[in-house]
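# Descriptive analysis of the structure
One letter stands for each residue in the lines below.
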Amino acid sequence: MEKEKISSAPKRAVCTCITIFLLLVGITLLVLWLVYRPHKPRFVVVGAAIYGLNTTTPPLMSATMQFTVLIRNPNRRVSVYYDRFSAFVSYRNQAITPQVLLPPLHQEKHSTVSVSPVIGGTAVPVSVEVSNGLMVDEAYGVVGLKLIFEGRVRWKAGAIKTAHYGLYVKCDLLMGFKKGFMGQAPLLGAQPCDVDV
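Everything numeric here is computed off the predicted structure, so don't read it as measured data.

## A few points about the overall build of the protein chain
- Helix and strand counts for the protein chain come out as two helices and 14 strands.
- Rg of the C-alpha trace for the protein chain: 26 Å, well past the compact-globule value of 16 Å for 197 residues, more than 25% over.
- Along the first, second and third principal axes, the C-alpha atoms of the protein chain reach 95 × 30 × 25 Å.
- Considering only contacts in the protein chain between residues 6 or more positions apart, those separated by 24 or more positions represent 72%.
- Accessible surface, the protein chain: about 11,500 Å² in total, of which carbon and sulfur atoms supply 62%.
- Each charge sign in the protein chain was given a centre, from 21 positive and 11 negative side chains, and these centres are 9 Å apart.

## Looking at the UniProt feature "domain: Late embryogenesis abundant protein LEA-2 subgroup" (unreviewed entry) in the protein chain
- Residues given the UniProt feature "domain: Late embryogenesis abundant protein LEA-2 subgroup" (unreviewed entry) here are residues 68-169.
- Secondary structure across residues 68-169 divides into 13% helix and 56% strand, with the first and last C-alpha atoms of the span separated by 15 Å.

## A short note on the nonpolar core
- Phe43, Phe67, Ile96 and Leu147 are the most contacted members of the largest nonpolar core, which totals 43 residues.
- Broken down by element, this core gets its largest block of residues, seven residues, from strand S10 (residues 142-157).
- Once you skip the residues sitting within four places of it in the chain, Ile96 turns out to touch Met61, Ala63, Met65, Val89, Ser90, Tyr91, Val124, Val126, Val130, Leu134 and Leu145.

## What about the packing of aromatic side chains?
- Under the definition given, this model contains seven aromatic pairs.
- Against the face of Tyr81 rests Arg154, its NZ or CZ located 4.7 Å from the ring centre.
- Lying across the ring of Tyr81, Lys161 places its NZ or CZ 5.0 Å from the centre.

## Observations regarding the state of the cysteines
- For the structure shown, the criterion picks out one disulfide.
- We note that Cys15 lacks a disulfide partner, and the nearest cysteine sulfur, in Cys17, lies 9.5 Å from it.
- On the accessibility criterion, Cys17 (55% relative accessible area) is exposed.

## Details of a nonpolar patch on the surface
- A cluster of nonpolar side chains, contributed by Val14, Ile18, Phe21, Leu22, Val25 and Leu29, occupies part of the molecular surface with about 580 Å² of accessible area.
- Inspection of the secondary structure assignment puts Phe21 in helix H1 (residues 2-36).
- Take Phe21: its relative accessible area is 52%, and that puts it in the exposed class.

## Some points on the side chain of Ser86
- Among the secondary structure elements, Ser86 is positioned in strand S3 (residues 79-91).
- The class of Ser86 is buried, set by a relative accessible area of 8%.
- Within polar-contact distance, the side chain of Ser86 engages the side chain of Gln99 at 2.9 Å.

## So, unusual backbone geometry
- In the Ramachandran plot, Asn93 falls in the positive-phi region, its phi being about 60° despite a non-glycine side chain.
- Here Asn93 is to be found in the loop between S3 and strand S4 (94-95).
- With a relative accessible area of 68%, Asn93 lands in the exposed category.

Scoring rules and cut-offs
Residues numbered from 1 in each chain as written. Predicted model: local features only at pLDDT ≥ 70, side-chain atom pairs only at ≥ 80, totals over all residues. Heavy atoms only, no water. Helix = DSSP H or I, 4+ residues; strand = E, 2+ residues; numbered from the N terminus. Rg over C-alpha atoms; globule rule 2.2 N^0.38 Å. Contact = heavy atoms within 4.5 Å. Areas by Shrake-Rupley, 256 points an atom, 1.4 Å probe, with all protein chains shown as cover. Lys, Arg positive; Asp, Glu negative; His and termini not counted. Charge placed at Lys NZ, Arg CZ, Asp CG, Glu CD. UniProt positions renumbered as here; feature names shortened; annotations may be inferred. Core = buried A, V, L, I, M, F, W, Y, C linked by side-chain atoms within 4.5 Å. Buried < 20%, exposed > 50% of the residue type's maximum accessible area, 1.4 Å probe, protein only. Phe/Tyr/Trp six-rings, centres within 6.5 Å; stacked < 30°, edge-to-face > 60°. Lys NZ or Arg CZ within 6 Å of the ring centre and 35° of its normal. Disulfide = S-S within 2.5 Å. Patch = residues over 30% accessible without salt bridge, like charges linked within 9 Å, V, L, I, M, F, W, Y side chains within 5 Å. Salt bridge = Lys/Arg side-chain N within 4 Å of Asp/Glu carboxyl O. Polar contact = N/O pair within 3.5 Å; in protein donor to acceptor, adjacent residues only side chain to side chain.

Right under this line is the structure:
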């Protein structure tokens, strides 16, 4: 009996040490996560220009547009890498421009960058509903579009980089222009974009 008590005492001590060690590691990881946890970037469209919009040759239409977008990294300790970054414009949930590949982007901690991609230029097939809807909206003078960004994002804190995560950004825009309009188009209220990571 006494031998069994003596041999179980070291086992208990080892189990206690392992439990304490695992608790300390868990608390350390929790503190690091709370300090360095990455927040999603923020996108806001601040300018738009139209260089061409042709809806008169259904089922194809062509559009060339440029958008100025501010991207803010709200993280004070983490930088952001954007890979396989692309953009396109949609109307009534249908793409009206081809997807344009943007250069990879590295954004420093707690910073804001401006990107101004020119999107479109090539004709894409659209439904009759989309073509007719755009013509009606142009005649009215207010067109609702969506600017969509897709890509892969990863964060870097010190020497540690995270895995890649999918990025989907949807910017709802109301633009004021009529048929034949070219140039800087007024944005009727710029709202922050919806960002999903």
